[in-house]
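# Structural description and commentary
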Amino acid sequence: MGKVKSNKLLSVFAVIGILILTICFGKVSAATPNSINVQRAEVLSDLVTNHEYGFVYFTTTDGDSLYCLDNLKKPLTSGQSATLTGEADDGILYILQNGYPAKSITGNDEMDKYITQAAIWWYMDDTNQGDNQLSDEFRNATTTDIYGLIPDYITPLVEQAKKAKDNQVSPSLEVNVSGTELSLTSDEQYYESSLISVSLSGANTYNISLSGGTANTAIVDENGNAKTTFNANEQFKVRIPASELTTETTLTINVTAAGSIQKAQIFKPSDNAYQRVVGLYNDESPVQKTVNLTASPNTTSIEVDVPNTSANIVLASVGIGVLIIIIGVGIILYRGNKTNLKHKN
């Protein structure tokens, strides 16, 4: 690995074989590029062994953060490129997710960069992924480690990284529906679904597309506002104007989210004499779910006046019977009166 030294001590350390720490860092990129280019290099201090050998600070042209994997090889130089070759394991991923710049470890950026790089090499040694990445001088630097970086930060981070193997959580999406049948609203203006919620992991928003239904079928929020993009904590429902629903209809609701997954991506230069580097990247990992809803016209909710012919026949028969009785009584009374008049005469 290449060395960066102060001019006055160049000759003194030319023949001394000690730990050389080379660090490359910047920010966490949004997506993994196929290749990276080194933009600049700066010299930082050695904080554990207290040598005048420095850390080499790299950023890429995109400002990405990269750490070195091969301590014993030469560091990349400004203007040099490296190509994506694959992913590091979940232990390296854990260190990057909990190191600089993803998180603040001590509140001091220089220390945090140092801790992150040292933890990567220490972890690689302990998991047989490297060839003497860290010297015994570094591991046993109890007197020169005046900040206590090894016991307080580096080795605890390494131990947690070992436990974190195969612990990556992928984005997920679940649609929670209490019923699949749309119901007529109390004002009989719409057919609506119950409120539908979405459980998200690895995404903050979700989108909805709709197929089927009528011309003015809509996705609305809890307040009835039409929209198709929702925050993770928001619910939605499907609405069909009652006047447009004439036959049973099936609606297909497609819920999607642009989830992302963090990866520890490795880049390798074309010259094998130079070190590989690794960085934390957020790659898209879209998720989706589809649910079907149905809506049927509710004819029983509409009152319609229809003539009841059988009832009318009964009423007519009763009326005729009453009329006959009245006429019969009238005839009897009439005849009785006539007979009385004859007797009087």
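Residues numbered from 1 in each chain as written. Predicted model: local features only at pLDDT ≥ 70, side-chain atom pairs only at ≥ 80, totals over all residues. Heavy atoms only, no water.

Summing up its helical and strand segments, the chain has five helices and 16 strands in all. Across the 345 residues that make up the chain, the buried fraction comes to 39%. Sequence-distant contacts in the chain: of pairs separated by 6 or more residues, those separated by 24 or more amount to 74%. Carbon and sulfur atoms form 49% of the exposed surface of the chain, whose accessible area is close to 18,700 Å². (Helix = DSSP H or I, 4+ residues; strand = E, 2+ residues; numbered from the N terminus. Buried < 20%, exposed > 50% of the residue type's maximum accessible area, 1.4 Å probe, protein only. Contact = heavy atoms within 4.5 Å. Areas by Shrake-Rupley, 256 points an atom, 1.4 Å probe, with all protein chains shown as cover.)

With respect to topology, four strands assemble into an open sheet ordered 11-9-13-16, the strand pairing being antiparallel. For this open sheet the edge positions go to strand 11 (229–231) and strand 16 (287–295), each flanked by a neighbour on one side alone. Each adjacent strand pair in this sheet contributes to an overall mean axis angle of 25°, direction not counted. (Pairing = 2+ DSSP bridges. Axes fitted to C-alpha atoms, helices over the stretch in contact; angles between N-to-C directions.)

Among the secondary structure elements, P297 is positioned in the loop between strand 16 and helix 5 (309–344). Sequence-wise, P297 and L182 are 115 residues apart; in three dimensions their C-alpha atoms are separated by 9.7 Å. When sequence neighbours within four positions are dropped, the list of residues in contact with P297 reads Y191, L245, T246, T247 and E248.

Bringing the side chain of N254 into the picture now. Within the secondary structure, N254 is located in strand 13 (residues 249–257). In terms of polar contacts, N254 uses its side chain to reach the side chain of T290, at 3.0 Å. Filtering out sequence-adjacent residues up to four positions away, N254 remains in contact with N207, I208, S209, Q288, K289 and T290. (Polar contact = N/O pair within 3.5 Å; in protein donor to acceptor, adjacent residues only side chain to side chain.)

Let's shift gears to the sheet that holds strand 10 (residues 218–221). The four strands lie next to each other as 6-7-12-10, forming an open sheet whose pairing is antiparallel. In this open sheet, the two edge strands, each paired with only one partner strand, are strand 6 (183–184) and strand 10. In terms of strand pairing, strand 7 (residues 190–192) meets strand 12 (residues 236–241) through three bridges, oriented antiparallel. Residue pairing across strands places Y191 opposite I240, the latter belonging to strand 12.

This brings us to the pairing of strand 12. Burial analysis of strand 12 places six of its six residues in the buried class, which makes it a mostly covered element. Judged by which residues are buried, strand 12 turns out to be covered on both faces: F236, V238 and I240 on one side and K237, R239 and P241 on the other are all buried. Direction of pairing for strand 10 relative to strand 12: antiparallel, over a ladder of four bridges. By the bridge assignment for strand 12, D221 is matched with F236.

Turning next to the environment of K237. With respect to the helices and strands, the residue K237 is situated in strand 12. Each C-alpha atom of the pair K237 and A226 lies 9.7 Å from the other, and the pair is 11 residues apart in sequence. Residue contacts for K237: discarding those within four places in its chain leaves E192, S193, S194, L195, A218, I219, V220, D221 and E222. A polar side-chain atom of K237 sits 3.4 Å from a polar atom in the side chain of E192.

Moving on to helix 2 (residues 109–126). The end-to-end C-alpha distance of helix 2 is 26 Å, a good match for the 26 Å that 18 residues give at a rise of 1.5 Å each. Most of helix 2 sits inside the fold, with 15 of its 18 residues counted as buried. Looking at where helix 2 begins, the residue whose side-chain oxygen comes 3.0 Å from the main-chain nitrogen of E110 is N108. Note on helix 2: the residue one or two positions beyond its end, N128, has a positive phi of about 60°. (Expected span 1.5 Å × (residues − 1).)

Time to look at the packing of helix 1 (residues 90–97) against helix 2. Here helix 1 crosses helix 2 at 165°, and the two axes come no closer than 10 Å. In terms of axis orientation, helix 1 runs roughly antiparallel to helix 2. Both helix 1 and helix 2 take part in a crossing whose hand is right-handed. Note on element contacts: helix 2 touches helix 1 through T116, A119, I120, Y123 and M124, opposite G91, I92, I95 and L96. Tallied by class, the residues present in the contact of helix 1 with helix 2 amount to seven nonpolar, two polar and no charged. (Parallel < 35°, antiparallel > 145°, perpendicular 65-115°, else oblique. Left-handed = near helix turned anticlockwise from the far one by under 90°. Nonpolar A, V, L, I, M, F, W, Y, C, P; charged D, E, K, R; others polar.)

In this structure, I92, L96, I120, F138, L149, I154 and V278 are the most contacted members of the largest nonpolar core, which totals 35 residues. Residue assignment for this core shows that the elements contributing at least two residues are strand 3 (67–68), helix 1, helix 2, helix 4 (149–163), strand 14 (260–268) and strand 15 (277–284). Counting residues in hydrophobic clusters, the runner-up holds 24 residues, among them L173, Y206, V238 and L251. (Core = buried A, V, L, I, M, F, W, Y, C linked by side-chain atoms within 4.5 Å.)

Another aspect to go through is the packing of helix 1 against helix 4. As a packed pair, helix 1 and helix 4 sit with axes 8 Å apart at the nearest point and diverge in direction by 135°. By the angle between their axes, helix 1 is oblique relative to helix 4. In this structure, helix 1 crosses over helix 4, and the sense of that crossing is right-handed. Along the contact surface, helix 1 presents G91, Y94 and I95, while helix 4 presents L157, Q160 and A161.

To continue, consider the side chain of D221. Among the structural elements, D221 can be located in strand 10. In this structure the side chain of D221 is engaged in a polar contact, spanning 2.9 Å, whose partner is the backbone nitrogen of N223. Of the polar contacts made by the side chain of D221, one reaches the backbone nitrogen of N225; its length is 2.8 Å. When residues no more than four places from it in sequence are discounted, the contact partners of D221 are K227, F230, Q235, F236 and K237.

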